[in-house]
Amino acid sequence: MSLLGQSIPRFEDGRLINGQGQFIADLMPVPGIKHVAILRSPHAHARIRRIDTSRLGTVPGVTGVITGRDLLAVLAPFPVGVPQPVTYYPMAIDRVRYVGEPVVVVAADSRYAAEDALDVVEVDYDPLPVVSDIETACQMPPVALHENAPDNVANHREFTYGDPKTALNHADVLIQERFVYPRNTAVPIETYGVVAYYERSSGDYTVWANFHGPFTLHSVMAHALKVSTQKLRIKTPQDIGGSYGVKSAVYPYMVLLAATSRLLGCPVKWIEDRLEHMKASSSASARISYVTAGFSRDGRFQALHIKQYDDVGAYIRAPEPATLYRVHGNLTGAYDVRHVHLENYAVMTNRVPTGLVRGYGGPQLYFPLERIMDIAARRLKMDPAALRRANVIQPDQFPYRTASGGIYDSGDYPSVLNTALQASGYEAFREKARNLQDSGPVRLGIGIAVVVEPSGSNMGYVTIAYTPEERARQLPKSGAVSAATVAIDALGGITVQIDSAPEGQGHETVVRQIVADVLTVPMASIRVIAEMDTAITPWTISSGSYSSRFAAAGANAVFSAAQKVKTKLLALAAQQLGVDCKTLRFEEGRVWGAQGATDLTVKRLAGLTHWNPSDLPAGISPGVYETSYFSLPNVDPPTTEDLINSSATYGFLVDVAKVAVNTETGKITVLDYVTVHDAGRLLNPLLADGQIHGGVAFGLGSALYEELRYDEEGQLLTGSLMDYLVPTASEMPESLTVLHHHTTAPGTPLGAKGLGEGNVMSAGAAIANAVSDALGVEICSLPLSPRTVTESVMKKEGRG
Amino acid sequence: MTRYAKDQRVPVTLAVNGHEYRRWIEPRLLLSDFLRDELGLTGTHVGCEHGVCGACTILFNGAPVRSCLKLAIDVGDGQITTIEGLVKDDEFDAFRQAFSQNHALQCGFCTPGVVVSVWEALKRASDSESVDWNDVLSGHLCRCTGYVGIRRAIMALQAKGGGKTEA
Amino acid sequence: MKPAPFDFIRPESVDDIISILSHTADAKLLAGGQSLIAMMNMRLARPSALVTLHGVPGLDAIEEKDGAVTVGAMVVQERMRCLMSRRREFGALAEGIGYIGHPQTRSAGTVGGSIVHADPSAELPLLLQVYRGSLETVGPSGSRHIAAEEFFQFPFTTALAPDEILVATHWPVPTISSGGSFREFARRRGDFAIVAVACHISIEDRRLIDGRLGAAGVAGKAVTVDLPPDLRGRPLITEEAATYWLEMLMPLLDPPDDLEASSDLRRTLVRTLSREVIAEAWVRAQGGTP
Ligand code: FES
Ligand code: FES
């Protein structure tokens, strides 16, 4: 029986439960490491007048100090994919642009001593006006953050698909609303960590970091360090304590530490502390969206007009402005809408630069889109479920090309929607909610969110930030590639090297399932190496753990490498046995022919390639070490019409949230949460459910608790875990149901699509829809604190 | 009365996992750093250093506490148990299995702390004390699991141990 | 996030402590450290000397005599909670302590530490006032007994002199037919209270004889009101009576307006939670468990 598809507990668990995981903070990979602490700007915007490090000599144990200007000797600014990049270094040079921006680096014998050293460094600042509001920043800029962006706009693009103007003019009902999605962040329990070592004799850099996609920004980092890529070797530790995207923004620190190692002449280590992380690591982009949606009287969704302003923080940095484009191919969600106008602005403000956070670009899109559906339903006097049912793409429309160029590979949206409505008892609950009106302060509400979940990002989507004319002057970019190596040693030991740098998703286990299935060997005979080394792991620009790409890309690369091994071993067996290899197969790790089992095992065949290569028949090379690059289909560069299939596959999910809202206290209780996913074939349902549970918690946090709040001066108000509210076990829904449909991904051998981000895209919308339903108000911003709830109730009652 | 100067190294003897360790330390050294850096017991993780995340939780005289909010110099003759100590317990195998089978962890960074707290609370539950699991679990932030697997593991262990409360 | 250097002092007696406090200007006492060490890790607190209270004799006993339970300043909150959970007449006490942080912080955090910290939204200062407790302090000129009302003054400010130390809190034991209840509104389980409310009621022959209602998080310190005299002797607490009582509390409120809640929301919460605690305390006083 196939192991794939089974709920197999993880091989990773043993070491992690025992406390024997090896995380970045646990590593001292070279001798003589010094510990780094970073002095950070207390101002959101200021000129640096003077940095005085003269008193450092009074602090015992200090190795050396670096300021921004010192970096100019060894670094170039980071490249970024917009027509007019701004100058971005990993440390402020002469001017600070967000609270927490690095200003001085000190290395010392211990972190304690390094922090003592920061205490005696004096920096004088001349404060500058602070740019905090996204719209003011670009419409009436009080000041330009960067010379070459006088209106603080780092990227602006407009797209028209179909004829949205006419379609909106002819629509019977126009829904117009302004939505605000807040800044929030991923909060992995492990913070960033970097060890860097510059070897003077060779000029080579080695950097260890808990970065889950080292190749994606390898070239960016090498460029900043002014070396060719082979001279920058990046290694990841065996275990990474969660990332959910945000650890991709560790890369400026990798460069900073590498430069520090070079300038100070010793290896250096920096483990970010929690306050540094909250203030200065990264964040999801906040977004203001103006949405106009046109509907016919009978509920046909005809046209969509979106103008969106992203707050990308003080410096636009790679991979931004990708938040605006990651979902470009699935802009219209699950709905068959052919007329779309989109206007995008990436705006710089005096806040920490943004980057990947689970769901990347998804919640910023789906919160407005799915709220619009509910607002429209109310205006059209239709049931929100019925309105969705009337507009979702039908099963016979697949593969479906969206207006903006996405190619939805497969799905059965109406039946997933039905499953979700049934599982939640949608009709009955609505009845119950109606009956409860006017009895006491508690109101019940139910909300749906319907999400097309992209996975396996097309590397080319980021280039849509350029106009077609600008793109024509560059080399095209495309693809979603993953690589894996399956090797067998002389005694039959199997090792698999993967390129996904997992941080908890269980890839080591799923890879065993795949390889064990192909070679019919026990999973225990396989060892999976998940830590990456850019000098050893097959180089793939798109590798790593982001955009839910493992199931769609990484797993297929493993499968195809294992197939290569199988083909080779069977060819060898065929020659040994003198039969046609088509008559042979593996079973229980042994070759079977038409006559039954032979005495050739995987171990024996691999052994032959190692011990006695001179007897190998022609066409069979020594050793077993097969690397396979797997490329997902349909991921082409953008067309001249700006059509882009931004992801390789598209899953689907429907969430239904039931809430009780106390109109007096503002307390929201999520009574029940149903989420139904269609991610194709599930490789390991136990782990798939785990991803979904985590995604729901994450989405719930963004809906009800989490926000990086800043005051007018750009100071972060929620900078510790006491006030940035990550949900605990007690805040989880009272009941949570996860169900699955299985429409396979047609373009891949394993048929799996990514999952794990979907609920981050849906939960904010589902819960906001439920609360809006309960209160009879339209919620247009998140998160929903008791304060915002009571205020919207008062406003409705004309008291606010 | 004894006074140790800030820049003085102070001899301390700490009882950790049944062993006595003698080290010379600065007065300000946090217990979490002592365990990790002085003793190499890196199973105790550090996630916030202000007492919220729970990753650094250890047992101090049998009760779960934050090692990031304790000074190594102030431990006295308290008995410390870290994850490395629990693992040696005969009953730990069943515990590990329940966590794994119920997928109670993903990245595993919060896990040692969670394990320490759940282990202690289960002991109390089996002493027929009633345990408020929301209370126990709210002392730990897990960003991966949504706590679903953790609760399932607890239920599985309770079903086995005949405990009284529900997770 | 590592503490700045400090001298570490291990006193052997309360007298030692007082003499240190009289001679070292910014010495800080270290009890459970659940707030102090966190502040020191952030370098927001940087005492030049830290005086540990661990191992100082006489600070961690719980005793009952002369109609009061005396709880040493160094008793950890979780120990007090466990003990009090068996004392029905202190109905609000264990319940309220259960809202302080998490078991992992209550196992190290001390009763004295929380009281002296005097956070206006904290549970123990509210409870001590609702139970009409008092404090025992020792200073250079001997010991003092201070009623809870006088001890708490402003946010994070108490009547404790700089060279004085809190050694114990006293909790008068209510009559056996007493009931109490505690409720808290916070964003997440274990967070600091936005509003906390506690009520204690004593009855005799099924009639109200005494009670106190209080709230935290709504003024510079916890506020309380006694059972109004005209409710004494009544055979039950009706909705109206409860409202009457809690309306006497409302004028004492001066609720802050912050990120989490407006002043109005805090007032609403006091009303809502007060109704609940009064009703529950009443039921419990009669021996029922609602
Ligand atoms: S590191 Fe101690 S509680 Fe977070
Ligand atoms: S398993 Fe990753 S934080 Fe809990």
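S.K.: Break down the overall build of chain B for me, citing the residues and quoting the values.
M.R.: Counting its regular elements, chain B contains six helices and six strands. At 17 Å, chain B has a C-alpha radius of gyration in line with the 15 Å of a compact globule built from 167 residues. Across its three principal directions, the C-alpha atoms of chain B cover 50 × 30 × 25 Å. Expressed as a percentage of its 167 residues, the buried residues of chain B come to 66%. Nonlocal contacts in chain B, meaning residues at least 24 apart in sequence, comprise 53% of its contacts between residues at least 6 apart. Accessible surface, chain B as shown: approximately 5800 Å² in total, 45% of it carbon and sulfur. Of the charged side chains in chain B, 18 are positive and 20 negative, and the gap between their average positions amounts to 4 Å.

S.K.: Could you give an account of the overall build of chain C, with specific residues and numbers?
M.R.: On a plain count of helices and strands, chain C comes out with ten helices and 14 strands. For chain C, the C-alpha radius of gyration of 19 Å lies close to 19 Å, the compact-globule estimate for 290 residues. Counting the 290 residues in chain C, one finds 61% classified as buried. Counting only contacts in chain C whose residues sit at least 6 apart along the sequence, the fraction spanning at least 24 positions is 63%.

S.K.: Report on the packing of aromatic side chains, specifying residues and quantitative values.
M.R.: All names here are of chain A. Taken as a whole and assessed by the stated rule, the structure comprises 28 aromatic pairs over all chains. Both rings, one in Phe159 and one in Tyr325, keep their centres 6.2 Å apart while their planes meet at 70°; by these two values the pair is edge-to-face. Taken as a pair, Phe159 in strand S7 (residues 153–161) and Tyr325 in the loop between strand S14 (301–311) and strand S15 (339–347) lie far apart in primary sequence, 166 residues in all. We note that Phe159, like Tyr325, is buried. Ring plane angle 80° and centroid distance 5.9 Å describe the contact between Phe179 and Phe367, whose orientation is recorded as edge-to-face.

S.K.: Could you give an account of the environment of Ala73 of chain A, with specific residues and numbers?
M.R.: Of note, Ala73 of chain A is situated in the loop between helix H2 (68–71) and strand S4 (95–96). Separated by 294 residues in the primary sequence, Ala73 of chain A and Phe367 of chain A place their C-alpha atoms 45 Å from one another.

S.K.: Please provide a residue-by-residue account of the interface of chain C and chain B, values included.
M.R.: Each partner contributes residues to the interface: chain C has 41 residues there, and chain B has 34 residues. Where chain C abuts chain B, roughly 3200 Å² becomes buried across the two surfaces, and 51% of that area is made up of carbon and sulfur atoms. Together, Phe8, Arg10 and Gln104 of chain C form the three largest contributors to the area buried by chain C at its contact with chain B, with a combined 22%. Counting the contacts that link chain C with chain B gives six salt bridges. Put simply, Glu49 of chain B and Lys2 of chain C hold a salt bridge, and the shortest N to O gap is 2.7 Å. The tally of links from chain C across to chain B stands at 21 residue pairs in polar contact (both at pLDDT 80 or more). Per-class residue counts for the side of chain C that touches chain B are 17 nonpolar, 15 polar and nine charged. By the bridge criterion, three bridges tie strand S1 (residues 2–4) of chain B to strand S1 (residues 7–10) of chain C in an arrangement that is antiparallel. Directly across from Arg3 of chain B, in S1 of chain C, lies its bridge partner Ile9 of chain C.

S.K.: Which residues make up unusual backbone geometry, and what values do they have?
M.R.: Going from Ala318 of chain A to Pro319 of chain A, the amide bond is cis rather than trans, its omega being 0°. Looking at where Pro319 of chain A falls in the secondary structure, it is placed in the loop between S14 and S15. A positive phi angle is found at Asn61 of chain B, which is not glycine, with a value near 50°. In this structure, Asn61 of chain B sits in the loop between strand S4 (57–60) and strand S5 (63–66).

S.K.: I'd like to hear about the packing of helix H6 (residues 218–225) of chain A against helix H7 (residues 251–264) of chain A, residue by residue, with values.
M.R.: Residue and element names in this part refer to chain A. Close contact between H6 and H7 brings their axes to 10 Å; oriented N to C, the two are set at 35°. Our pair here, H6 against H7, has a crossing hand that is right-handed. Here Val220, Met221, Ala224 and Leu225 of H6 come into contact with H7, specifically with Tyr251, Met254, Val255, Ala258 and Ala259. Counted by class, the contact of H6 with H7 contains nine nonpolar, no polar and no charged residues.

S.K.: Outline the sheet that holds strand S10 (residues 165–172) of chain C, listing residues and values.
M.R.: Residue and element names in this part refer to chain C. Ordered in space as S4-S5-S10-S6-S7, the five strands form an open sheet in which the pairing is antiparallel. Two strands close off the open sheet at either side, each with one partner strand: strand S4 (62–65) and strand S7 (142–147). Each strand axis lies, on average, 25° off the axis of its neighbour in the sheet, ignoring direction. Its contacts with the sheet put helix H1 (residues 14–23) on strand S6 (134–139) and S10, and the angle it makes with S10 is roughly 125°. Running at roughly 50° to S10, helix H7 (residues 123–130) makes contact with S6 and S10 of the sheet.

S.K.: With reference to specific residues and values, describe the domain arrangement of chain B.
M.R.: Residue and element names in this part refer to chain B. For chain B, the domain assignment lists domain 1 (10–86) and domain 2 (89–166). The C-alpha centroid of domain 2 is placed 22 Å from the C-alpha centroid of domain 1. Listed by partner, the interface residues are 17 residues for domain 1 and 14 residues for domain 2. Summing both sides of the interface, domain 1 and domain 2 together bury roughly 1300 Å²; the carbon and sulfur share of this comes to 66%. If you sort the residues of domain 1 by the area they bury against domain 2, His45, Ile83 and Leu86 come out on top, with a joint share of 42%.

S.K.: Could you give me a rundown of the domain arrangement of chain C, with the residues and numbers involved?
M.R.: All names here are of chain C. Here chain C is described as being made up of domain 1 (1–173) and domain 2 (178–285). Measuring from the centre of the C-alpha atoms in domain 1 to the corresponding centre in domain 2 gives 25 Å. Regarding the contact of domain 1 and domain 2, the summed buried area is about 2200 Å², with carbon and sulfur atoms giving 52% of it. We note a salt bridge from Glu149 to Arg212, for which the minimum N-O separation is 2.4 Å. Counting across the interface, domain 1 meets domain 2 through ten residue pairs in polar contact (both at pLDDT 80 or more). Every element with two or more residues in the side of domain 1 that touches domain 2 is listed here: helix H4 (91–97), H7 and strand S8 (152–154). Looking at which element gives the most residues to the side of domain 1 that touches domain 2, the answer is H7, with five residues. Across the side of domain 1 that touches domain 2, the residue classes break down as eleven nonpolar, seven polar and seven charged.

S.K.: An account of helix H11 (residues 413–424) of chain A is requested, with residue identities and associated values reported.
M.R.: Residues and elements named next belong to chain A. In this model H11 runs 17 Å from its N-terminal to its C-terminal C-alpha over twelve residues, within 8% of the 16 Å that 1.5 Å per residue would give. Those residues of H11 not exposed but buried are Tyr413, Pro414, Val416, Leu417, Ala420, Leu421 and Ser424. Down the axis of H11, the buried set is contained in an arc of 165°. They therefore lie on one face. Two residues or fewer after H11 comes Gly425, characterised by a positive phi angle close to 65°.

S.K.: Report on the nonpolar core, specifying residues and quantitative values.
M.R.: Counting 235 residues, the largest nonpolar core has Met254, Phe295, Ile767 and Leu784 of chain A together with Phe99 of chain B as its most contacted members. It is helix H18 (residues 758–775) of chain A that provides the largest number of residues to this core, a total of eleven residues. Here Phe99 of chain B is in contact with Ile17 of chain A together with Ala104, Leu105, Val114, Val115, Val118, Ala153 and Leu157 of chain B, once residues within four sequence places are set aside. By size, the runner-up hydrophobic cluster in this structure holds 57 residues, among which are Leu4, Val591, Leu600 and Leu687 of chain A.

S.K.: Outline a nonpolar patch on the surface, supporting the account with residue identities and numerical values.
M.R.: Residue and element names in this part refer to chain A. Where nonpolar side chains cluster on the molecular surface, the patch consists of Trp539, Ile541 and Tyr629 and spans about 290 Å² of accessible area. With respect to the element layout, Trp539 can be found in the loop between strand S21 (526–529) and helix H15 (550–577). Since its relative accessible area comes to 36%, Trp539 is described here as partly exposed.

S.K.: With reference to specific residues and values, describe the pattern of salt bridges.
M.R.: Applying the stated criterion to the full structure yields 73 salt bridges over all chains. For the salt bridge of Glu64 of chain C with Arg87 of chain C, the shortest nitrogen-to-oxygen distance reads 2.8 Å. Here Glu64 of chain C, found in strand S4, pairs with Arg87 of chain C, found in the loop between helix H3 (77–84) and H4; they are 23 residues apart in sequence, far enough to count as distant. On the accessibility criterion, Glu64 of chain C (44% relative accessible area) is partly exposed. Beyond isolated ion pairs, a larger network of salt bridges with shared partners links Arg40, Arg111, Glu115, Asp116, Asp119, Asp273 and Glu276 of chain A, Glu26 and Arg28 of chain B together with Arg43 and Arg46 of chain C.

What counts, and at which threshold
Residues numbered from 1 in each chain as written. Chains lettered and ligands numbered in written order. Predicted model: local features only at pLDDT ≥ 70, side-chain atom pairs only at ≥ 80, totals over all residues. Heavy atoms only, no water. Helix = DSSP H or I, 4+ residues; strand = E, 2+ residues; numbered from the N terminus. Rg over C-alpha atoms; globule rule 2.2 N^0.38 Å. Buried < 20%, exposed > 50% of the residue type's maximum accessible area, 1.4 Å probe, protein only. Contact = heavy atoms within 4.5 Å. Areas by Shrake-Rupley, 256 points an atom, 1.4 Å probe, with all protein chains shown as cover. Lys, Arg positive; Asp, Glu negative; His and termini not counted. Charge placed at Lys NZ, Arg CZ, Asp CG, Glu CD. Phe/Tyr/Trp six-rings, centres within 6.5 Å; stacked < 30°, edge-to-face > 60°. Buried area = accessible area lost by both parts, 1.4 Å probe. Salt bridge = Lys/Arg side-chain N within 4 Å of Asp/Glu carboxyl O. Polar contact = N/O pair within 3.5 Å; in protein donor to acceptor, adjacent residues only side chain to side chain. Nonpolar A, V, L, I, M, F, W, Y, C, P; charged D, E, K, R; others polar. Pairing = 2+ DSSP bridges. Axes fitted to C-alpha atoms, helices over the stretch in contact; angles between N-to-C directions. Left-handed = near helix turned anticlockwise from the far one by under 90°. Domains from an automatic or database assignment. Expected span 1.5 Å × (residues − 1). Arc of directions from axis to C-beta. Core = buried A, V, L, I, M, F, W, Y, C linked by side-chain atoms within 4.5 Å. Patch = residues over 30% accessible without salt bridge, like charges linked within 9 Å, V, L, I, M, F, W, Y side chains within 5 Å.

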